[in-house]
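The lines below spell out each chain.
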Protein chains: 2
Amino acid sequence: MSGLNRKFWDSDPIEKLRVGPGFRLAAVDPDATPGFDGVVKKNADEALASGVGLLDSLQEKLYANSKAAAADGGGRKVLLVLQAMDTAGKGGIVRHVVGSVDPQGVRLTAFKAPTPEERAHDFLWRVRSRVPGPGLIGVFDRSHYEDVLIARVHELAPAEEIEARYGQIRQFEQDLVDDGTTIVKVMLQISSADQKERLLDRLDRPDKHWKYNPGDVDERMRWADYQTAYQIALERTSTPDAPWFVVPAGKKWYARLAVQHLLIDALERLNLDWPPAAFDVAAEKLRLAAT
Amino acid sequence: MSGLNRKFWDSDPIEKLRVGPGFRLAAVDPDATPGFDGVVKKNADEALASGVGLLDSLQEKLYANSKAAAADGGGRKVLLVLQAMDTAGKGGIVRHVVGSVDPQGVRLTAFKAPTPEERAHDFLWRVRSRVPGPGLIGVFDRSHYEDVLIARVHELAPAEEIEARYGQIRQFEQDLVDDGTTIVKVMLQISSADQKERLLDRLDRPDKHWKYNPGDVDERMRWADYQTAYQIALERTSTPDAPWFVVPAGKKWYARLAVQHLLIDALERLNLDWPPAAFDVAAEKLRLAAT
């Protein structure tokens, strides 16, 4: 992959991060840095900065092609799905990776607890309305996966209904893929000990109190149940066309770098070029010159 | 204003940019750099970079306060309205100024030609649905002002209806202000000669063709009519609570710096601090320690 800067990376991490047959979440080391071994954080900062320009130009091509897409039946789309336990760093990914992209090309949605109106519909209803249109990078901060994660842990729906959702999710995502969407699903994995430390940090700092919610501790007490729910979701919904990637997030710099690379890789595989002019360039130059 | 870095700025540009009584758009020099005289572009790059961190922390406080806002009746909001002739640099403002802010705190809307559904409602309908919620910075790339600009130039509505819109806009914006929204309205001003050069550049570069639309030349032919429509809109809708700022945009670096400063100034005037914890910090530390 040309998107991998060999100056920084030892090897492409994608295959190591992808959830395939036999995957076990419990075997993931949250402090690992696959593909980026033996280097220091300073190099990671440089690597992230070097990826910004590349991601930027790839995103601009994606966006540009959607402007010319009416002619060839619609532009491509990219959807980044972010899931994680609290404090794992989703916000940092949005800020430092997604935030480096032109905001005009990004459609970000943070899914919260469903509203009464959303609950009155099937669980995919609110998600369908937020999938990215042509030329856009959609970002889901939490997603339809909450309906097989928190919903499973807290038994928010009958067991058979939750069972059925895995298949509904696979179908939903396959439909998106068939419609021209590249889906990148990322779970950030941290250790329970790291979460405790990060929550404590929020309690220690008055400028972080607003990020803390007493409910975070209640959810934390269900850590093992969440890990089980993630394991099931990952193995049942990581498909060839919409694979999951589990990214170790004990080191925040690694998680950001890995997600940046996953996005760069997804965009590079689209092989986009600048779209041809849909007008007569020479004639337009003459019209413009006459003004 | 503490938001003004005296290392770079000679004087606060805000009063010079504000549209007040007797304002004449035709008297604005698009190549001027009010408050930033006698310096070179390199300094401007440094100044913009130095503002990024400040804007970032101010935005985070705005967002944080909305989380604690249920207690005190709702958080504050900021709305940046961007208007300009084609190629004046709205996109660059969105990318380089708005784009430096955490995307989780920004709600960006690019208003295009209205859809049939939007046309079936009053002209403010689509705009009302996109005003920022508590804690957010809303950004309008074009806005309800198109309904007194292109609509006036092309007579898209009866003259008396367009006349009535100025008052409707003033009332709409006053309602937003009364509801806790700080409105920053910016018109980027370039010269007709600069526009010609920038359009020609788009035609000369295959990687810019997607940004060019033959309709741009048609609109360009109505330059004087647009300037008149802007003059009327500016003088009728620049109010004490929702003033217009006309920012010279012949030098892109200046326009970005000026808009960044306008945002910083708007946020600083809110005098926000970190919101107090809505929970018992000591008790939460004990609960967390027990996990």
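Positions within a chain are numbered from 1, following the residues in the order the chain's sequence is written. Numbering of ligands from 1 and lettering of chains from A proceed in the order in which they are written. The predicted nature of this model means local features are confined to residues of pLDDT at least 70 and side-chain atom pairs, given and counted, to a pLDDT of 80 or more, with totals for whole chains, interfaces and linings taken over all residues. Note: side-chain values were computed over all heavy atoms of the structure, leaving out hydrogens and water.

Participant: Residue-level account of the packing of aromatic side chains, with values.
Facilitator: Residue and element names in this part refer to chain A. When the centres of two rings from Phe, Tyr and Trp lie within 6.5 Å, Trp using its six-membered ring, the rings pair. Their planes under 30 degrees apart give stacked, over 60 give edge-to-face, and anything left gives tilted. All told, the structure shown has 16 aromatic pairs over all chains when counted by the stated rule. Taken together, a centroid distance of 5.0 Å and an interplanar angle of 90° make the contact between Phe 111 and Phe 140 edge-to-face. Here Phe 140 lies in strand 3 (residues 137-141) and Phe 111 lies in the loop between strand 2 (106-110) and helix 5 (116-119), a separation of 29 residues in the sequence. The classification of residues rests on relative accessible area computed with a 1.4 Å probe and restricted to protein chains. Under 20% of the type maximum is buried, over 50% is exposed, and intermediate values are partly exposed. By relative accessible area, Phe 111 is classed as buried at 7%. Here a strand is any run of E in DSSP of at least two residues, a helix any run of H or I of at least four, and the numbering for each starts at the N terminus.

Participant: Describe the side chain of B:Arg198, with residues and values.
Facilitator: All names here are of chain B. Relative to the elements of secondary structure, Arg 198 occurs in helix 9 (residues 192-204). When charges are counted, neither His nor the chain ends are considered; positive counts come from Lys and Arg and negative counts from Asp and Glu. In what follows, salt bridge is the name for a side-chain nitrogen of Lys or Arg lying within 4 Å of a carboxyl oxygen of Asp or Glu. Despite its burial, Arg 198 pairs with no opposite charge, the nearest such side chain being Asp 194 at 4.5 Å. Reaching out from Arg 198, the side chain makes a polar contact with the backbone oxygen of Ala 88 at a distance of 3.5 Å. By the criterion applied in these results, polar contacts are pairs of N or O atoms within 3.5 Å in which, for protein atoms, one can donate a hydrogen and the other can accept it, and in which residues neighboring in sequence qualify only through two side-chain atoms. In terms of polar contacts, Arg 198 uses its side chain to reach the backbone carbonyl oxygen of Ala 249, at 3.1 Å.

Participant: Give me unusual backbone geometry: which residues, what numbers.
Facilitator: Residues and elements named next belong to chain B. Positive phi is not limited to glycine here, since Glu 155 has a value of about 50°. Examined against the element boundaries, Glu 155 turns out to sit in the loop between helix 7 (150-153) and helix 8 (159-178). With a phi close to 50°, Asn 271 is a non-glycine residue in the positive phi region. Within the secondary structure layout, Asn 271 lies in the loop between helix 12 (252-268) and helix 13 (281-289). By relative accessible area, which is 67% here, Asn 271 ends up exposed.

Participant: Provide a residue-level description of the relation of the copies chain B and chain A, including the pertinent values.
Facilitator: Least-squares fitting of chain B to chain A yields an RMSD of 0.0 Å, with the superposition described by an axial translation of 0.0 Å and a rotation of 180°. The operation mapping one copy onto its partner corresponds to a two-fold rotation axis. When each C-alpha of chain B is compared by its distance to the rotation axis, B:Gly99 comes out closest, at 3.4 Å. When the interface residues of chain B are mapped onto chain A, 100% of them are again interface residues, pointing to one common binding face. In superposing the copies, a least-squares fit is computed on C-alpha atoms, taking residues whose pLDDT is at least 70 in both. Here a residue-residue contact requires only that any non-hydrogen atoms of the pair lie within 4.5 Å.

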